[in-house]
Amino acid sequence: MRGPRIEFAVGAFLLLALASVLVLALASTNRNWGFGHASYPLKARFTSIGALRPNAPVKIAGVAVGKVADIQVDPVKYDSVVTLAIDSKYKDLPGDTSAGIFTNGLLGESYIGLSPGGDPEPLKPGDEIFLTQPAVDLIQLVGKYMFSGGKPAGDAEASDNSNESSAPTDAPTK
């Protein structure tokens, strides 16, 4: 009589483990299961993308409206061309929408933030967003600050010249 109870307990444990794996798989795929929402592509050109990766979120005012579909290098201009997959319900983005690469927190994930403009003409699928802001490299900023003696990079040269005496050389001495 103890055999069926143990078999039932092992079976229940395995079903619970399988359900847990299914929940984890659902959470890690953002509930798309390969059948993502209808989206349309937009392109944006950046001089530097920092740590931006495919599948990074695209946000407007902090709300995810799409994702980064692809990142390529333009072989002529050597810029990064980022293809965005924007959810179809946001298909009327103004033509003067701007895009910037930002970071969640100090060391968080990178994402693309869109700022819609006021142009009455909407962006069409495949259009390029021309107003872009590249990623800010925090390591470079810290390095510039450290090696400039704690002054902004443009003020380092001005402070070197300020140490020179401005008193006339032929002034009488007492």
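Residues numbered from 1 in each chain as written. Predicted model: local features only at pLDDT ≥ 70, side-chain atom pairs only at ≥ 80, totals over all residues. Heavy atoms only, no water.

Moving on, we get to the layout of surface pockets. One way to see where empty space is left: roll a probe the size of a water molecule over the atoms. Approximately 360 Å³ is the volume attributed to the second largest pocket. Considering the residues around the second largest pocket, the lining is formed by 18 residues, among which Thr103, Leu106, Val136, Asp137 and Leu138 are closest to the centre. Mapped onto the lining of the second largest pocket, the elements with two or more residues apiece are strand S5 (98-103) and helix H2 (138-147). (1 Å grid on protein atoms, 1.4 Å probe; cavity = no way out; pocket = protein on both sides within 12 Å on 5 of 7 lines; lining within 4 Å. Points joined across faces, edges and corners; volume = space filled by probe spheres on them. Helix = DSSP H or I, 4+ residues; strand = E, 2+ residues; numbered from the N terminus.)

On to the sheet that holds strand S6 (residues 110-115), then. The mixed open sheet is built from eight strands, whose spatial order is S7-S1-S4-S3-S2-S6-S5-S8. Either end of the sheet is taken by a strand with one partner, and the two such strands are strand S7 (128-129) and strand S8 (131-133). Sheet topology places strand S1 (residues 39-46) next to S7; two bridges connect them, and they run parallel. When the bridges of S7 are listed, Lys43 appears paired with Glu128. (Pairing = 2+ DSSP bridges.)

Residues Leu84, Ile112 and Leu114 are the most contacted members of the largest nonpolar core, which totals 22 residues. Among the secondary structure elements, those contributing two or more residues to this core are S1, strand S2 (57-60), strand S3 (63-73), strand S4 (80-87), S5 and S6. No other element matches the four residues that S1 contributes to this core. Discounting residues that sit within four places of it in the chain, Ile112 has contacts with Phe46, Leu52, Pro57, Val58, Lys59, Val68, Val82, Leu84, Ala99, Gly100 and Ile101. (Core = buried A, V, L, I, M, F, W, Y, C linked by side-chain atoms within 4.5 Å. Buried < 20%, exposed > 50% of the residue type's maximum accessible area, 1.4 Å probe, protein only. Contact = heavy atoms within 4.5 Å.)

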